[in-house]
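Below are the chains, spelled out letter by letter.
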Amino acid sequence: MFFITRKSFYTFLLIAVLPGLVKAQSTENNCTQTLKKAQNTYDQGRIFEIADMLQPCIENGFTKEEKTSAYYLLTLTYLYFNEREKAEKAMLEFLKLNPEYEIKNDPAEFVNLYNSFRTTPAFLIGGRAGIGGVDVD
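Residues numbered from 1 in each chain as written. Predicted model: local features only at pLDDT ≥ 70, side-chain atom pairs only at ≥ 80, totals over all residues. Heavy atoms only, no water.

(A) Representation of the packing of helix α3 (residues 64-80) against helix α5 (residues 108-115) in the model. Relative to each other, α3 and α5 sit at 105°, their axes nearing to 10 Å. By the criterion of interaxial angle, the relationship of α3 to α5 is roughly perpendicular. On the side of α3, the interface is formed by Y72, T75, L76 and L79, while α5 contributes E109, F110 and L113. (Axes fitted to C-alpha atoms, helices over the stretch in contact; angles between N-to-C directions. Helix = DSSP H or I, 4+ residues; strand = E, 2+ residues; numbered from the N terminus. Parallel < 35°, antiparallel > 145°, perpendicular 65-115°, else oblique. Contact = heavy atoms within 4.5 Å.)

(B) Quick peek at the pattern of salt bridges. With the rule as written, the count across this model stands at five salt bridges. Note that R46 and E49 form a salt bridge whose closest N and O atoms lie 3.0 Å from each other. Looking at R46, the relative accessible area reads 31%, which means it is partly exposed. Overall, the relative accessible area of 25% leaves E49 in the partly exposed class. A salt bridge links R84 to E88; the shortest N-O distance between them is 3.1 Å. Here the residue R84 and the residue E88 both occupy positions in helix α4 (residues 84-97), the gap between them amounting to four residues, near one helical turn. Taking the relative accessible area as the measure of exposure, E88 reaches 31% and is therefore partly exposed. (Salt bridge = Lys/Arg side-chain N within 4 Å of Asp/Glu carboxyl O. Buried < 20%, exposed > 50% of the residue type's maximum accessible area, 1.4 Å probe, protein only.)

Take it as geometry only, folks, not as evidence of what the structure does.
This is how it looks when you write it as structure tokens:
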């Protein structure tokens, strides 16, 4: 009969799980670096490289905040190339992730596109209930 000792079990568990953890962390770090690189690339004016650079991490690898930043950058990129449909899709994804975004010092093209989306609720549902009393002398 074969018995597994605790030490051999933990060793097996470490060997089986560790590569997946390392890969997940390296993907996260790579995507964080990719976002920084994409922002620097945009700042340098090499805008045509942005979409291809960000796409793999958008699909799989960004945190919510990073994905929000990536969609913002993609929206600006598509607006620069006058690709309205792609810019609208990127803006929609941006607003899904950050519906309470407030315009600050954004480019005019971004503001115009942002204003074409409804970001406030179309209607509100509310109610009021209570018990009223009558004063009797």
